[in-house]
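Read off the chains here:
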Amino acid sequence: MAHTLTLQSQESVTHDTHRYVFDRPEGFDFQPGQAAELALCRDGWKDEGRPFTFTSLPADANLEFTIKSYPSHDGVTEKLPDLAPGEHVTLDGPFGAITDMGPGLFLAAGAGVTPFIAILRKRAKEGDLDGCQLIFSNETEGDIILREEWDQMTGLKVDHVLSEEDAPDLHYGKVDKAFLEANANLSGQVYICGPQGYVDAMRDAVKALGVPGERIHTEEGW
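Only a predicted model underlies this, so the values are computations on that prediction, with no experimental measurement involved.

Colleague: In this structure, what is going on with the overall build of the chain? I would like to understand it.
Modeller: Summing up its helical and strand segments, the chain has 5 helices and 12 strands in all. Relative to a compact globule of 222 residues, whose C-alpha radius of gyration would be 17 Å, the chain shows 17 Å and is just as compact. When the backbone C-alpha atoms are referred to their principal axes, the chain occupies close to 50 × 35 × 30 Å. Within the chain, contacts between residues separated by at least 24 positions form 69% of all contacts whose residues are at least 6 apart in sequence.

So, in structure tokens, the structure goes:
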């Protein structure tokens, strides 16, 4: 069922990522990790819906999305930062392959972290982050979405990995089988989200390290 939402506020999270807060339709529900399709209520854009993950919690009064913009795509994410409070979008959902199946390893690249935001926020609120680890890949420090929030979550082990910048106390390079073997706790569930190539590579790596398919959960194409 489609809903029309009104933007309440927006703010920058990084140089190319924004937090959008909308009103919440009465009776609307979702699970942490799920997404919905959003479309702008503007001429020429009403049929250009794209999937975005809820980063608010199911108990919150409003709906929140944390969305990275891609100006080179000349698409919806480029237009979203121009939205002013009071403007409308349509929402269709929820849907998504990732929900909380238990503690474990969260492997994210760039905006692929968004399905994990609500899952880990809910666990943090409940004091239930034991056994959870986030390995978050980005190009530079400035690209890390919600870095301070991750680093302050009690019980969450966080490994930031940068591919284009060597920064103090952060890993430099890329996540591969050798990195996971040396740094990852693979005893629980394994959640993977990011660009298709990243998802495929991480799935192959954790399988090669003995993680059975039923413990691997992926969201692809982010």
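There is more to say, and it comes next.
Colleague: Please clarify how the pattern of salt bridges should be interpreted in this entry.
Modeller: Note that side chains of opposite charge can pair when their charged atoms are close. Under the definition given, this model contains 14 salt bridges. The shortest N-O distance in the salt bridge between Arg123 and Asp100 comes to 2.9 Å. Residue Arg123 is found in helix H2 (residues 114–125), and its partner Asp100 is found in the loop between strand S6 (88–95) and strand S7 (104–109); the two are separated by 23 residues along the sequence. What makes Arg123 buried here is its relative accessible area of 8%. Linking Lys157 and Asp159 is a salt bridge whose minimum nitrogen-to-oxygen distance equals 2.8 Å. By relative accessible area, Lys157 is classed as partly exposed at 43%.

Colleague: What am I meant to see in the nonpolar core here?
Modeller: In a soluble, globular protein the nonpolar side chains are often hidden away together inside. Val113, Phe116, Leu120, Leu134 and Trp150 are the most contacted members of the largest nonpolar core, which has 23 residues in total. Mapped onto this core, the elements with two or more residues apiece are S7, H2, strand S8 (133–138) and strand S11 (189–194). When residues in this core are grouped by element, the largest group, 4 residues, is from H2. Beyond its immediate chain neighbours, meaning those up to four positions away, Val113 contacts Ala108, Leu134, Phe136, Ile145 and Trp150. Among the nonpolar cores identified, the runner-up in size contains 20 residues, and Leu5, Leu7, Phe52 and Leu83 belong to it.

Colleague: Please explain the sheet that holds strand S3 (residues 35–40) as it appears in this structure.
Modeller: The pairing of strands in a sheet comes from backbone hydrogen bonds and takes either a parallel or an antiparallel form. Within the open sheet, the 6 strands sit side by side as S4-S3-S6-S1-S2-S5. Their pairing is antiparallel. With partners counted over all chains shown, the strands left at the sheet margins are strand S4 (50–53) and strand S5 (63–68), one partner each. Across the sheet, the axes of successive neighbouring strands diverge by a mean angle of 45°, strand direction being ignored. Bridging between S3 and S4 involves 4 bridges; their strand directions are antiparallel. Paired with Ala35 across the two strands is Thr53, which belongs to S4.

Colleague: When you look at H2 in this model, what are you seeing that I'm missing?
Modeller: Because an α-helix packs 3.6 residues into every turn, residues spaced three or four apart end up facing the same way. Taking 1.5 Å per residue as the helical rise, H2 with its 12 residues ought to reach 16 Å, and the 17 Å between its terminal C-alpha atoms agrees with that figure. When you tally the buried positions in H2, you get 9 out of 12 residues, the bulk of the element. Buried within H2 are the following residues: Thr114, Pro115, Phe116, Ile117, Ala118, Ile119, Leu120, Arg121 and Arg123. The inward-facing, buried residues of H2 contact S4, S5, S7, S8, helix H3 (147–152) and S11. Gly127 occupies a position one or two residues after H2 and carries a positive phi of about 65°.

Colleague: When you look at the pairing of S8 in this model, what are you seeing that I'm missing?
Modeller: Successive residues of a regular strand alternate their side chains across the two faces of the sheet. Of all the 6 residues making up S8, 6 are buried; the element is thus mostly covered by neighbouring parts of the structure. Alignment of S7 against S8, held across 5 bridges, turns out to be parallel. Along S8, the bridge assignment pairs Ala108 with Phe136. Where the polypeptide runs from S7 across H2 and back to S8, its parallel neighbour, the crossover connection is right-handed. The pairing of S8 with strand S9 (residues 157–162) spans 6 bridges and is classified as parallel. Looking at the pairing, Ile135 lines up with Asp159 of S9.

Calculation rules
Residues numbered from 1 in each chain as written. Predicted model: local features only at pLDDT ≥ 70, side-chain atom pairs only at ≥ 80, totals over all residues. Heavy atoms only, no water. Helix = DSSP H or I, 4+ residues; strand = E, 2+ residues; numbered from the N terminus. Rg over C-alpha atoms; globule rule 2.2 N^0.38 Å. Contact = heavy atoms within 4.5 Å. Salt bridge = Lys/Arg side-chain N within 4 Å of Asp/Glu carboxyl O. Buried < 20%, exposed > 50% of the residue type's maximum accessible area, 1.4 Å probe, protein only. Core = buried A, V, L, I, M, F, W, Y, C linked by side-chain atoms within 4.5 Å. Pairing = 2+ DSSP bridges. Axes fitted to C-alpha atoms, helices over the stretch in contact; angles between N-to-C directions. Expected span 1.5 Å × (residues − 1). Right-handed = clockwise from strand over helix to strand, strands pointing away.

These results come straight from atomic positions and should not be treated as a statement about function.
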